[in-house]
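Analysis of the macromolecular model
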Amino acid sequence: MYTHRSRIAAALRGETVDRLPYVPRLDLWYLSNSTTGTLPPQHAGRAMNEIARAEGWAVHHRFADDQLDPKFQPQYLHRGINVFYSRDTVFDVVLPRDVEVKVARGGARTRVEYHTPLGMVSTTTHYDVESQQNGITIPALVEHLIKTPADYAPAGYLFEHMDVVPNFERFRRWSAEDMRDDGLPIAIGSLDASPFHLIQRDLSDQTQFFIHYKDHHAEMRGLADRIAPLMEKMIAILAQSPAEVVWWGANFDDMLTFPPYFEKEIQPWIRKAATAMQAAGKLVLCHTDGENRGLMDLIRDSGTHVAESICPAPMTRVTFAEYYRRWSPRLTLYGGIPSTVVLPETSDADFEAYLDGFFRAVAPGNRLVVGVADEVPPKAIFSRLQRIGERIAREGALPLKAGAARTLEPALARPGAAAAAAPAGDAAGNAADDVYAQVRQDVFKGRHLDIKAHVQALLDQGVRAGDILEHGLIAAITVVGNRMATGDVFIPEVLLAARAMTAAVKLLEPHIAASGEQLRGRVLVGTVRGDMHDIGKNLVVTMLRGVGFEVRDLGVSVSRDRFCEEVAAFEPDVLGLSALLTTTMVEMGEIIKALDASGLRRRCRVIVGGAPVSEQFAAKIGADGYGANAVEAVRLTKRMVAEGGAARH
């Protein structure tokens, strides 16, 4: 007779159990709805795990705390250096004795300074009631530790002199008192799988990371070497811990942790952790919630035993049928129900269709734990979580019988995955355009210093600034964009190309203005309220500027009132809204409603984009278009401005 705990553990080990385990991760949903007083009436006043128990579901670890309560805030004080504690952490981090820590709190912001013998480095985090209402589980980083090359030395000192010590009692107490036999306790090792991943994911701004990776690689490598002994000690403690499963690494993405980088800087450390855990009779779990199309083989071959929080199509380009076919012979899959299908924006019919396809696609059902990935969002329809449980109870006995098809419903396939093939070679244009060849090469190679001299040389020869922009810069960045869309180049290469292009555009702008030539149009861009992610938005902004648009970037966590004010003042042809979280994507619809209410909607077209967003969602909230990626967003903007810009309402 299986308990929830033994069933999950057996499934993770690759054994065939009696039925599919169902473990919806409720912590984000619970944090939001308990804060706003919107828990389902039958569960009002209940703790998170008691809700799962009442529904007959397995419980998941609770990663979210009420951080508005001062007693929890010290646990997240050092979040900026990826040091924070939850119930499932099996070690404590000890900071160097000779590093003075200064803390300044002001409203939602917490600034922490680390004064080392080699200099001071600092971080600032943001967390407020709105964050909690949106289900945000840890403070957002608004100032990263590494900002300039001068920060590498003090940061290296800080990490080189840190220590980690075991704290198994916290984990044992949580396992015995909170999880019991109703779920499998998983120890959090590190959300960062390697030293470089730590620098990329937590210590640096994502955009700045790739610039530094090229320009200041020696300094970055030195910091990684100083972090390595600390992470090796973490692995040793995890291997000695009472946990059966340890979490090592999160948030991989084939454009950010792109395949060559992943293979060189991340995969060896996953393999190192997996080897140590396997020798100790444990399993390693990786949180694989990103776009994994280009990483499928690398993750499969990394040594990890469990791929958790898999977010399939329509949230990403990979269907769960493909995940199961390619990974289940070697890995256990954990997740599979995309969080978007439990939101109101997905119809009941499409929700049921997804489940129909899901059960057909995962036969025979071994090496599978069903969950809502990445997490159950705050606005989830609770009855759909119940419906998943009901269907598993009715149809989830193993082995599952294969259906006639191993695909999920086409209505939920992610649109925009295909893109036009890139032109052959690096040249764009014809022989008459050879005068621009060097400028295009500068863009392709990311030569942000050389390109200014080459552009100036063309200007000195009497070449029109508009022609340099059109036949040199725009032609080159179009090739780069097409190659990104087809997966032939990755975000770091695009960012370096965009940096070169931006340097050239700044040189050309005065000449274009003096000639009376006009830019293509105006675009207003921002990430919606509650969402602090910006790399996708930044890439869109850079590419739009590169192809000749005037762009005003409002930054991150922009309120609907601010969007309305800026639409009225800037008078854009197109408004672009970005969101990376299912918790914040619903704000896009509220912004469109606010534009309608204020009479501003007719002034511009509205396009939306971001990881959880789909064409169906865009249509449902009344957006004029959806960009599946930066390239599609630029193409869409160009088409809309060519058509006249103003929204047709």
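Above this text you will find the structure in question.
A short tour of the structure in this document, coming up. (Residues numbered from 1 in each chain as written. Predicted model: local features only at pLDDT ≥ 70, side-chain atom pairs only at ≥ 80, totals over all residues. Heavy atoms only, no water.)

So, about the packing of helix α8 (residues 206–215) against helix α18 (residues 491–515). At their nearest, the axes of α8 and α18 sit 10 Å apart, and the two run at 85 degrees to each other. Accordingly, the angle class assigned to the pair α8 and α18 is roughly perpendicular. Of the residues in α18, those touching α8 at T207, F210, I211, K214 and D215 are I491, P492, L495, L496 and R499. Each residue belonging to the contact of α8 with α18 can be placed in one class, and the counts come to 6 nonpolar, 1 polar and 3 charged. (Axes fitted to C-alpha atoms, helices over the stretch in contact; angles between N-to-C directions. Helix = DSSP H or I, 4+ residues; strand = E, 2+ residues; numbered from the N terminus. Parallel < 35°, antiparallel > 145°, perpendicular 65-115°, else oblique. Contact = heavy atoms within 4.5 Å. Nonpolar A, V, L, I, M, F, W, Y, C, P; charged D, E, K, R; others polar.)

So, about the nonpolar core. Core analysis: the biggest nonpolar cluster contains 162 residues, and L203, W248 and L473 have the highest contact counts within it. Ignoring any residue separated from it by four or fewer positions in sequence, one finds L203 in contact with G80, I81, H144, L145, I146, F159, L198, L223 and I227. V528, V567, L575 and A579 belong to the second-largest nonpolar core, a separate cluster that totals 29 residues. (Core = buried A, V, L, I, M, F, W, Y, C linked by side-chain atoms within 4.5 Å. Buried < 20%, exposed > 50% of the residue type's maximum accessible area, 1.4 Å probe, protein only.)

Quick look at helix α19 (residues 535–546) now. Along its 12 residues, α19 runs 16 Å from first to last C-alpha, staying within 8% of the 16 Å computed at 1.5 Å per residue. A positive phi of about 105 degrees marks G548, the residue just after α19. (Expected span 1.5 Å × (residues − 1).)

Taken together, 6 strands build an open sheet; the order of strands is β7-β8-β9-β10-β11-β12 and the sheet is parallel. Each edge of the open sheet is held by one strand with a lone partner, namely β7 (186–190) and β12 (368–373). Strand-to-strand, the axes of this sheet are offset by a mean angle of 30 degrees, without reference to chain direction. As paired elements, strand β8 (residues 245–250) and strand β9 (residues 283–287) share 4 bridges and run parallel to each other. Bridge pairing links W247 to L285 in β9. (Pairing = 2+ DSSP bridges.)

Counting buried positions along helix α1 (residues 4–12) yields 7 of 9 residues, so the element is predominantly enclosed. Three or more residues of α1 are buried, namely H4, R7, I8, A9, A10, A11 and L12.

With respect to the helices and strands, R317 occurs in the loop between β10 (306–310) and α12 (320–327). Taking the C-alpha atoms as reference points, R317 and H4, 313 residues apart in sequence, are found 31 Å from one another. At 2.7 Å, the side chain of R317 forms a polar contact with the side chain of D254. (Polar contact = N/O pair within 3.5 Å; in protein donor to acceptor, adjacent residues only side chain to side chain.)

The tally for this structure, following the rule as stated, stands at 50 salt bridges. Between R317 and D254 there is a salt bridge, and its shortest N-O distance comes to 2.7 Å. Placement of the pair is R317 in the loop between β10 and α12 and D254 in the loop between β8 and α10 (259–279), with a sequence separation of 63 residues. The class of D254 is buried, set by a relative accessible area of 4%. One network of salt bridges, in which partners are shared, links R293, D297, R300, D301, E322, R326 and R330. (Salt bridge = Lys/Arg side-chain N within 4 Å of Asp/Glu carboxyl O.)

Right, let's get into the environment of G627. By the secondary structure assignment, G627 is in strand β17 (residues 625–627). Here the alpha-carbon distance between G627 and D434, two residues 193 residues apart in the chain, equals 33 Å. Residue contacts for G627: discarding those within four places in its chain leaves V608, G609, E632, A633 and L636.

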